Amino acid sequence: MTGTGEHIVRSSNTTERLKSVLKSTKLYWGLALLFLVGVISSPVSSKGNNIFLSFGNLSDVFRQISVTGITAVGMTLVILIAGIDLSVGSVLALGSVVCAMLLTNEGWSSAYLLGVPAIFLLGFLVMFGVLTLGVKLQRRVTVGAAINSPSAQRLMLTIAALTALVLALGVSLSSDGKAGVLLVLLVVPAVGFMLGTINGLIIVGGRLQPFIVTLAMMVAGLGIARLTAGQNTAVWPVYTGSNATADFEALRSLIFGIIPVPGVIFAGIILLFWVILKFTKFGRYIYAIGGNEEAARLAGVPVWRVKITVYAISGYLAALAGILYVAQYRQGKPDAGMGLELDAIAAVVIGGTSLMGGRGSMIGTLVGVLIFGFLSNILQLNNIDSNTQLVLKGVIIIIAVLLQERRSSGWLFFLSQLKARDTPDKQVSASIKISRRPDD
């Protein structure tokens, strides 16, 4: 009898462990299932090869998801602090316009009018942050009040401002000719960083909802992109080796003829922010703010600095994705990022990040981006109508949110209420019996 009981207990524990493993890995099973569907449903080439599994097709998938994926990394950080950033599409579009203009224009232009103050801001904040970090490290080995004195603070601010000024002047002087790849990679993300910083400052300083602030920036960013491009120019074409430097072609090339460079950049950014979230104090602060902002503030977390930094990073990554957009499509467009914010949010949510904040991971976002990318590729290979594709994507997003937020109990309650409505007479009679007193 005892042996039978122990066997039942062991079986129950095994079942629970299996359920736990399946629950924790359900996202990966979903990706594997989708990949299997792609293999089975894929058409074949004239040589009888599976098109879905071809190196060319998989390379195209990784190239295409890089733009949305890099934007989704910044969106993950924002959603983890229980925020939202609707401006990433407009920031990407502005980044694509600035990038195209820097590559193709000689002389001062509206792109430099945005880029110079943006690079000054980025250079100042980065330099001041490096100096502050150096002071903190020195404080651990040197005991003294001189490090925290007002004169030391003024010295650090002066050094940071001078460094940023030199950097901005260098960018200004480079406007005599067409920009190269390094200048574009320096200036364009700085523009996105500036707009993201403005978002964060307004949200924190004005105590406004992120939805409203980033919605306003989405509209304003579109207007800035159109004004920057010019009233008579809807598209800025970029032809490497012709009207732009041939070196820019490197951002759309294949490593070993297989791996696209944009995909490598996306993978590197995912790895970087996975490390930041998992092993750094900044990452712990992000989760703490998303879990309970007031408790994080009482615990000494610099909430306002973290939130501003997160929105600045989101803007930086969106503009960086704008460079890859130009490399991929050979043009800069004021409306290049239309709808991108929805794709980024969908990929983050599919990846398991809670819209309430405080729960999620970069690995989940990577899987969500891959699911979105493979799904689009499968539908395109099977010549599914574009409108039908949108419907299917919407259905999958809803299902993913329901699964990730564990709403099954809510549905059961809803169904039980519907069933109860079907038997009103029994409910009334039961309530009469309960309310009737014994002496009646």
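Residues numbered from 1 in each chain as written. Predicted model: local features only at pLDDT ≥ 70, side-chain atom pairs only at ≥ 80, totals over all residues. Heavy atoms only, no water.

A. Molecular detail of the overall build of the protein. Of regular secondary structure, the protein possesses 17 helices and 4 strands. A buried classification covers 42% of the 440 residues belonging to the protein. Long-range contacts, defined as pairs at least 24 residues apart, comprise 77% of the intrachain contacts of the protein with a sequence gap of at least 6. (Helix = DSSP H or I, 4+ residues; strand = E, 2+ residues; numbered from the N terminus. Buried < 20%, exposed > 50% of the residue type's maximum accessible area, 1.4 Å probe, protein only. Contact = heavy atoms within 4.5 Å.)

B. Looking closely at the packing of aromatic side chains. Tallied over the full model, the rule gives 7 aromatic pairs. Summarising the aromatic geometry, the rings of Trp-108 and Tyr-112 are spaced 5.8 Å apart at their centres and angled 25 degrees between planes, so their arrangement reads as stacked. The buried category is assigned to Tyr-112, whose relative accessible area is 2%. When the ring of Trp-274 is compared with that of Phe-279, the centres are 5.7 Å apart and the planes differ by 85 degrees; the resulting orientation is edge-to-face. With a relative accessible area of 27%, Trp-274 lands in the partly exposed category. Overall, the relative accessible area of 54% leaves Phe-279 in the exposed class. One aromatic cluster in this structure is built from Phe-35, Phe-52 and Phe-374. (Phe/Tyr/Trp six-rings, centres within 6.5 Å; stacked < 30°, edge-to-face > 60°.)

C. Summary view of helix H13 (residues 340-350). Counting buried residues in H13 gives 9 out of 11 residues, a clear majority hidden from the surface. Buried residues of H13: Leu-340, Glu-341, Ala-344, Ile-345, Ala-346, Ala-347, Val-348, Val-349 and Ile-350, and no others. At the C-terminal side of H13, Gly-352 shows a positive phi close to 100 degrees.

D. Structural detail: the environment of Asp-85. Of note, Asp-85 is situated in the loop between helix H3 (55-80) and helix H4 (88-104). Sequence separation between Asp-85 and Val-213 is 128 residues, and the spatial gap between their C-alpha atoms is 8.5 Å. Filtering out sequence-adjacent residues up to four positions away, Asp-85 remains in contact with Met-75, Val-78, Asn-199, Thr-214, Tyr-311, Ser-314 and Glu-341. Only 2.6 Å separates the side chain of Asp-85 from the side chain of Ser-87, close enough to count as a polar contact. One polar contact links Asp-85 to Ser-314, side chain to side chain, over a distance of 2.8 Å. (Polar contact = N/O pair within 3.5 Å; in protein donor to acceptor, adjacent residues only side chain to side chain.)

E. Just helix H12 (residues 303-329), in detail. Taking 1.5 Å per residue, 27 residues should reach 39 Å; H12 reaches 39 Å between its end C-alpha atoms and fits that length. Within H12, 22 of the 27 residues are buried, leaving the element largely enclosed by the surrounding structure. Where H12 ends, the next residue or the one after it, Arg-330, has phi of about 60 degrees, a positive value. (Expected span 1.5 Å × (residues − 1).)

F. Summary view of the environment of Gln-209. Looking at the secondary structure, you find Gln-209 in the loop between helix H7 (181-205) and helix H8 (210-229). Residue classification places Gln-209 among the exposed residues on the basis of a relative accessible area of 57%. Sequence spacing of Gln-209 and Gly-83 is 126 residues, and the spatial spacing of their C-alpha atoms is 8.3 Å.

G. Region of the structure containing the nonpolar core. In this structure, Leu-102 and Phe-248 are the most contacted members of the largest nonpolar core, which totals 105 residues. In terms of residue count, H12 provides more of this core than any other element does, 16 residues in total. Look past the residues within four positions of Leu-102 in its chain and what remains in contact with it is Ala-111, Tyr-112, Lys-178, Ala-179, Val-184, Val-187 and Val-188. (Core = buried A, V, L, I, M, F, W, Y, C linked by side-chain atoms within 4.5 Å.)

H. Inspection of a nonpolar patch on the surface at higher detail. Among the surface-exposed residues, Phe-55, Ile-255, Phe-256, Ile-258, Ile-259 and Val-264 lie close enough to one another that they form a single nonpolar patch of about 600 Å² accessible area. Locating Phe-256 in the fold gives a position in the loop between strand E2 (254-255) and strand E3 (259-260). (Patch = residues over 30% accessible without salt bridge, like charges linked within 9 Å, V, L, I, M, F, W, Y side chains within 5 Å. Areas by Shrake-Rupley, 256 points an atom, 1.4 Å probe, with all protein chains shown as cover. Salt bridge = Lys/Arg side-chain N within 4 Å of Asp/Glu carboxyl O.)

I. Geometry of the pattern of salt bridges. The tally for this structure, following the rule as stated, stands at 6 salt bridges. Its salt-bridge partner being Lys-333, residue Asp-335 comes within 3.8 Å of it at the nearest N-O pair. Three or more residues are tied together by salt bridges with common partners; here these are Glu-293, Glu-294, Arg-297 and Lys-307.

J. Just the packing of H3 against helix H9 (residues 261-279), in detail. One can describe the packing of H3 onto H9 by two numbers: an axis separation of 8 Å at closest approach and a directional angle of 20 degrees. In terms of orientation, H3 and H9 fall into the roughly parallel class. Handedness of the crossing formed by H3 with H9: left-handed. Where H3 abuts H9, its residues Phe-62, Arg-63, Ile-65, Ser-66, Gly-69, Ile-70, Val-73, Leu-77 and Leu-80 lie against Pro-262, Gly-263, Ile-265, Phe-266, Ile-269, Ile-270, Phe-273 and Leu-277. (Axes fitted to C-alpha atoms, helices over the stretch in contact; angles between N-to-C directions. Parallel < 35°, antiparallel > 145°, perpendicular 65-115°, else oblique. Left-handed = near helix turned anticlockwise from the far one by under 90°.)

K. Up close: a positive patch on the surface. Together, Lys-136, Lys-281, Arg-284 and Arg-305 give the surface a local cluster of positive charge. One can find Arg-305 in helix H12. (Lys, Arg positive; Asp, Glu negative; His and termini not counted. Charge placed at Lys NZ, Arg CZ, Asp CG, Glu CD.)

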